[in-house]
Amino acid sequence: MSEEDQREQPAARRETEQVFRAEYGRCVATLIRFLGDIDLAEEAVQEAFTVALEQWPLRGLPPNPGGWITTTARNRAVDRLRREASRHDRHRQAHQLLDATTTTQEERAAEEGPVSDDRLRLLFTCCHPALAPAAQVALTLRLLGGLETAEIARAFLVPEATMAQRLVRAKRKIKEAGIPYRVPREAELPDRLGGVLDTIYLVFNEGWTASVGETLVREDLCAEALRLARVLVELMPDEPEAVGLLALLLLTHARRGARMRADGTLVLLADQDHRRWDRAEIDEGQALVRACLRRGAPGPYQIQAAVNAVHSDDSLAERQRWEQILALYDLQLRLAPTPVVALNRAVALAEVSGPEAGLAAIDALREPLSAYQPLHAARADLLRRLARDSEAASEYRAALELTANETERAFLAGRLAELG
């Protein structure tokens with residue numbers, strides 16, 4: 001092998017890994033449609049990528065890498081069925097799979113209806129309400145994101161063996177319960193779409209503030225959530241809440257460069273250097289929020305996106321900004337009242353009407369949110385502003401007890417130390 005070939009191989013391997021991340025979910029979703037078996041589809045796609053790692057560094061990437069992987073995986077799956085066939089129906093199944101690849105575009109369109117992307121079918125399958133929320137998130141990351149079981153386990157603070165069992169049980173339930181591999185019918189969509197949106201949002205939140213560890217942000221999870229949100233909007237562009245979720249993630253993710261100082265300490269939103277925000281993501285997110293507003297059908301994710309759009313609008317005076325945010329939280333409380341929304345409204349109220357008003361609103365939430373760290377952190381901040389230092393110190397200690405992320409712990413400990 002020449003020196004030039006040796007230099008090109010690592011680059012080709014990196015390109016193959018990029019294809020894996022971008023195309024894994026699409027390929028698995030397509031193979032599940034052909035095979036009707038999640039495990040077999042996963043194994044076939046993984047085998048195809050193994051072949052790609054052997055061949056592409058030598059031959060170069062094919063013109064359509066995703067298509068190459070799908071075709072290779074399908075052929076491998078058919079070969080495996082033939083080899084393992086012990087009965088006539090297994091042979092027949094292999095032939096049916098081959099026949100399925102010749103289905104005309106017109107036939108597929110008639111079968112699939114208005115939404116034809118297999119990834120969307122798989123996303124709704126992963127997020128079926130018959131599955132536990134934790135299983136929904138894990139399956140989505142595994143099948144559509146291509147994350148390894150160990151990666152998902154680390155992200156959600158469970159042993160790898162536990163996560164492996166969770167994935168196995170979820171796949172078994174899909175098979176045994178006959179959960180359909182399809183996009184829900186129009187009448188079912190409002191109830192089912194919420195679970196998909198919530199799953200993507202949970203993935204992003206875990207990435208934005210990791211539950212445990214020294215790293216504040218898990219950029220891999222943030223990027224995967226953004227990718228899934230884009231896929232959803234690409235496939236369902238007329239769903240305003242899907243657009244709202246994408247806008248929310250973009251406007252939040254845009255601030256990642258300003259969340260930490262050079263020494264690794266946390267910077268609150270009010271203290272961040274706006275010049276370090278990602279202007280392209282802000283512009284895109286704000287444009288999506290404006291598109292949502294024109295629809296006139298507000299929902300929780302659209303309202304949260306609008307809140308973040310106001311935070312990122314430097315043309316607003318401070319009081320004007322908080323008055324708009326308070327009005328948005330009032331709207332969200334009417335549409336989807338939850339204690340967490342009420343807490344966010346209380347923080348905005350403190351900025352508009354003073355810390356005493358905000359503290360009174362937070363105190364009404366102490367029972368339902370007693371184990372919620374942000375409540376104690378917010379209450380501590382308002383008590384500190386009111387010079388009620390001993391009470392503030394007690395709340396900072398409570399927040400510390402509920403925090404496992406080292407960056408957040410260091411910030412809270414610093415605030416506690418400032419109180420003496």
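Residues numbered from 1 in each chain as written. Predicted model: local features only at pLDDT ≥ 70, side-chain atom pairs only at ≥ 80, totals over all residues. Heavy atoms only, no water.

### Re the pattern of salt bridges
Convention followed: Counted as salt bridges are all cases of a side-chain nitrogen of Lys or Arg within 4 Å of a carboxyl oxygen of Asp or Glu. Per the convention used, a helix needs a DSSP run of H or I reaching at least four residues, while a strand needs a run of E reaching at least two, with both numbered from the N terminus. Burial classification: accessible surface area is computed with a 1.4 Å probe over protein chains only, and a residue below 20% of its type maximum counts as buried, one above 50% as exposed, and the rest as partly exposed.
As enumerated under the stated definition, the model contains 27 salt bridges in all. The partner of E224 in a salt bridge is R227, and the shortest N-O contact between them spans 2.7 Å. With a gap of three residues between them, E224 and R227 both fall in helix α11 (residues 219-235), about one helical turn apart. With a relative accessible area of 3%, E224 lands in the buried category.

### Brief notes about the nonpolar core
The condition that has to hold: Each nonpolar core is a collection of buried residues, namely Ala, Val, Leu, Ile, Met, Phe, Trp, Tyr and Cys, held together in the definition by side-chain atoms within 4.5 Å. Residue contacts follow a heavy-atom distance rule, with two residues in contact if any of their heavy atoms lie within 4.5 Å.
Core analysis: the largest hydrophobic core is formed by 99 residues, its most contacted members being V45, L122, I200 and L232. At ten residues, α11 tops the list of elements feeding residues into this core. Among all residues touching L122, those that are not within four sequence positions of it are G25, V28, A29, I32, L143, L144 and Y181. Core analysis: the next-biggest nonpolar cluster, separate from the first, contains 25 residues, A346, L359, L375 and L419 among them.

### A closer look at the packing of helix α10 (residues 189-208) against α11
The condition is simple: Note on method: axes are straight lines fitted to C-alpha atoms, helices fitted across the in-contact stretch only, with angles between N-to-C directions ranging 0 to 180 degrees. Just so you know how the angles are binned, under 35 degrees is roughly parallel, over 145 roughly antiparallel, 65 to 115 roughly perpendicular, and the rest oblique. Working rule for handedness: look at the near helix, and if it is turned counterclockwise from the far one by less than a right angle, call the crossing left-handed; if clockwise, right-handed.
Two numbers describe how α10 lies on α11: the axes approach to 7 Å, and their chain directions differ by 155°. Relative to α11, the element α10 lies roughly antiparallel. Taken as a pair, α10 and α11 cross one another with a handedness that is left-handed. Of the residues in α11, those touching α10 at L193, V196, L197, I200, V203, F204, E206, G207 and W208 are L221, C222, A225, L228, A229 and L232.

### Some remarks on the confidence of the model for the chain
The line we're drawing: pLDDT gives the predictor's per-residue confidence on a scale running from 0 to 100.
On average, residues of the chain score 86 in pLDDT, and 89% of them reach the 70 mark or higher. Here residues 1-7 is a poorly scored stretch, pLDDT under 50, and it has three contacts once near neighbours within four places are set aside; other chains count.

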